Amino acid sequence: MKYIFITGGVVSSLGKGLTSGALGALLEQRGLTTRIQKFDPYLNVDPGTMSPFQHGEVYVLDDGAETDLDLGHYERFTSGKLSRFNNLTSGQIYESVIRKERRGDYLGKTVQVIPHVTNEIKERIYAAGEGVNVLITEIGGTIGDIEGLPFTEAMRQFASEVGKANVLFIHMTLLPSLKAAGELKTKPTQQSVAKLREIGIQPDILVCRTEQPITEEIREKLSLFCSVPKEAVIEELDVAHSIYELPHMLKQEGLDNLVTQFLGLDAPPPKLDEWEEVVHRLLNPKHKVRVGMVGKYMDLQDSYLSVNESIVHGGIRNDCEVEVLHIDAEDIEKDGPDAHLAELDGILVPGGFGDRGTEGKIIASKYARENAIPYLGLCLGMQIAVIDFARNVLGLEGANSTEFDSDSPNPVIHIMAEQVGIKDKGATMRLGACPCLLTKGSLAHQSYGREEVSERHRHRYEFNNDYREQLSEAGLLISGVNPEKDLVEIVEVKGHPWFVGVQFHPEFQSKPNQAHPLFASFIEATLTRKLESKSSQPADSV
């Protein structure tokens, strides 16, 4: 069993998660079973109650864990499915330690960061490594942050326990470029490595984020001052087009060779044919479509990271470049739909919470439905579609969700029965994978190619079955139902080329080399619409 720890220095947001995922992909392609986990030093138990502006999207796993968005990178780059044990926070650690202290598990001892907190961290490392050849652990935050010290101390202790031959430390840093100096500066990296050494950790490999190629002189300087071999100074330039170029880029730098050599792993060279095909399709699309994503968290694209990536995957599947326009729903409310939606080939409304921008999303759904524009609604986007249909087709005055209007005369979306009376916000929604039975002949059934699927959920409100018969008779097809609780999971509009709303989050199960069926089908529908529109134009106008 081998262990890799990836830390970051100088600044945050270096891309440790992407690098971890790309390294995992390289090791998998060498035939090594690999698992990745993330340690987050913040005191929240999980990111489930954080604002998207604070933390980006919350990535939900099959077992219902609300986790860091980096776990999405791990699942997209590697084949394994993760669980709640792959994301550990300081909040979880301290909660567990305090519970044990209250039970008397420490037998009257003084409970301290060392050894009790660090032991808790090490236990998670040992547990996560069971059954795989290599465990990659990414440490969130930046070396020097006070809240990260228990994790780095646990890493130091762990290396002593299992033997240095079984542990590899990779440190990611930034090489800033100053225009006045006209060169890359290595001092911040030197200082960051010095911080690691103070803790007792000597990095084996440096991965240097940079906007310029690293010269031999700089490699030699970093090697000398940071005590790493020159060949272990890895250049990680910004990718030219897509994050899916990263495995090939790191292979070119020899990262996977270094890792296997350091750890004494006998593994054949990686075969990157699949990744090269993904990048080839990205760089050489045969078609192009324009999709509008109508949401409310448009100032931070990490809020919809998995949705954005899933759209890309759908494009790869269809040999199609997808231009995504991020449209603030409130702008539609102010300017009207034509100003923002008229030139689109498809409209997508993602998940979200709260009533801000809701009416703009309902307008977008109505516009897509009435103008035969492909529509994909995710979670809240499905509920938006139901509200639109109830108001504007069935004619139910004031139709709404009780999340937005508790006094709605027609609450076509209401709070789930098991959610009534729940006061705690953390980890109390309907979370994780649930089964869904599909209606034969429906768009959903055609997209998936099977009759039962399992999808991940994160919501408190649901379709109100009291309106099911009325809406169905008016032309809303219930094409997916949870067999355990008879909950409506998928709706479609009869007679529309492609209009699908789902109560779940398909974006959490999409990969670049295996696009989620709904995203692949959605992009296919947008492409069909564009090609048909183009062929119907007079020759002199094309």
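So, here is what we can say about the structure in this document. No experiment lies behind these values; they were computed from the predicted model shown.

Thoughts on the sheet that holds strand β23 (residues 499-502)
The strand order across the open sheet built from nine strands is β13-β12-β14-β15-β23-β22-β21-β18-β19, with neighbouring strands paired in mixed fashion. Of all the strands in the sheet, just β13 (320-328) and β19 (452-459) have a single pairing partner and so form its edges. Averaged over all pairs of adjacent strands, the angle between strand axes in this sheet comes to 25°, irrespective of strand direction. Both strand β12 (residues 287-295) and strand β14 (residues 346-349) contribute to a ladder of three bridges, which runs parallel. Of the residues in β14, the one forming a bridge with V291 is G346.

Brief notes about the packing of aromatic side chains
One pass over the full model with this rule turns up 11 aromatic pairs. Between F77 and W275 the ring centres are 5.3 Å apart and the planes differ by 20°, which places this aromatic pair in the stacked class. On the criterion of sequence distance, the pair formed by F77 in helix α3 (residues 70-77) and W275 in helix α11 (residues 273-283) is long-range, its members being 198 residues apart. Taken as a pair, F77 and W275 share a single burial class, namely buried. Ring geometry for Y375 versus F499: centroids 4.4 Å apart, planes at 10°, classification stacked. Taken together, the residues span a long stretch of sequence, with Y375 in strand β15 (residues 375-378) and F499 in strand β23 at a distance of 124 residues. Exposure class is identical for Y375 and F499. Each is buried. Through successive ring pairs, a cluster of aromatic residues spans Y3, F5, Y126, F158 and F169.

Structural notes on the packing of helix α7 (residues 187-199) against helix α8 (residues 216-226)
In contact at an axis separation of 10 Å, α7 and α8 are set at 25° when each is read in the N-to-C sense. When the axis of α7 is compared with that of α8, the two are roughly parallel. Crossing geometry of α7 relative to α8 is assigned as right-handed. In this structure, α7 uses T189, Q190, V193 and R197 to contact α8, whose residues at the interface are K221, L222, F225 and C226. Partitioned by chemical class, the residues of the contact of α7 with α8 number four nonpolar, two polar and two charged.

Observations regarding the pattern of salt bridges
Here the structure, examined in full by the defined rule, presents 39 salt bridges. We note a salt bridge from R209 to D238, for which the minimum N-O separation is 2.4 Å. Residue R209 is found in strand β10 (residues 205-210), and its partner D238 is found in the loop between β11 (233-237) and α9 (246-253); the two are separated by 29 residues along the sequence. The exposure class assigned to D238 is partly exposed, which follows from its relative accessible area of 42%. Residue K230 pairs with E220 through a salt bridge whose shortest N-O separation is 3.8 Å. Of the two residues, K230 is situated in the loop between α8 and β11 and E220 in helix α8; the sequence distance between them amounts to 10 residues.

Some remarks on the packing of helix α15 (residues 358-370) against helix α16 (residues 380-392)
Two elements in contact, α15 and α16, have axes separated by 9 Å at closest approach and are oriented at 70°. As far as their axial angle goes, α16 and α15 are roughly perpendicular. On α16, the residues that touch T358, E359, K361, I362, S365, K366 and R369 of α15 are L380, I384, A385, I387, D388, F389, R391 and N392. A class-by-class count of the residues in the contact of α15 with α16 yields six nonpolar, three polar and six charged.

What to know about the nonpolar core
Generally speaking, a soluble globular protein has its nonpolar side chains buried in company with each other. Residues I4, L23, I170, I205 and V259 are the most contacted members of the largest nonpolar core, which totals 44 residues. Counting residues per element, this core draws most heavily on helix α1 (residues 16-29), which supplies six residues. Setting aside chain neighbours within four positions, we find I4 in contact with L23, L27, V134, L135, I136, T137, L168, I170, V259 and L263. In terms of nonpolar packing, the next biggest core, distinct from the first, is built from 38 residues, V349, L380, A385 and V386 among them.

Notes on unusual backbone geometry
Cis peptide bonds are those with omega within 30 degrees of zero, and the linkage from I114 to P115 qualifies with 15°. Looking at the secondary structure, you find P115 in helix α5 (residues 113-128). Look at V10: it is not a glycine, yet its phi comes out positive at around 80°. As for its placement among the helices and strands, V10 is situated in the loop between β1 (2-8) and α1.

Rules used in this analysis
Residues numbered from 1 in each chain as written. Predicted model: local features only at pLDDT ≥ 70, side-chain atom pairs only at ≥ 80, totals over all residues. Heavy atoms only, no water. Pairing = 2+ DSSP bridges. Helix = DSSP H or I, 4+ residues; strand = E, 2+ residues; numbered from the N terminus. Axes fitted to C-alpha atoms, helices over the stretch in contact; angles between N-to-C directions. Phe/Tyr/Trp six-rings, centres within 6.5 Å; stacked < 30°, edge-to-face > 60°. Buried < 20%, exposed > 50% of the residue type's maximum accessible area, 1.4 Å probe, protein only. Parallel < 35°, antiparallel > 145°, perpendicular 65-115°, else oblique. Left-handed = near helix turned anticlockwise from the far one by under 90°. Contact = heavy atoms within 4.5 Å. Nonpolar A, V, L, I, M, F, W, Y, C, P; charged D, E, K, R; others polar. Salt bridge = Lys/Arg side-chain N within 4 Å of Asp/Glu carboxyl O. Core = buried A, V, L, I, M, F, W, Y, C linked by side-chain atoms within 4.5 Å.

None of the figures reported here should be taken as evidence of function without further support.
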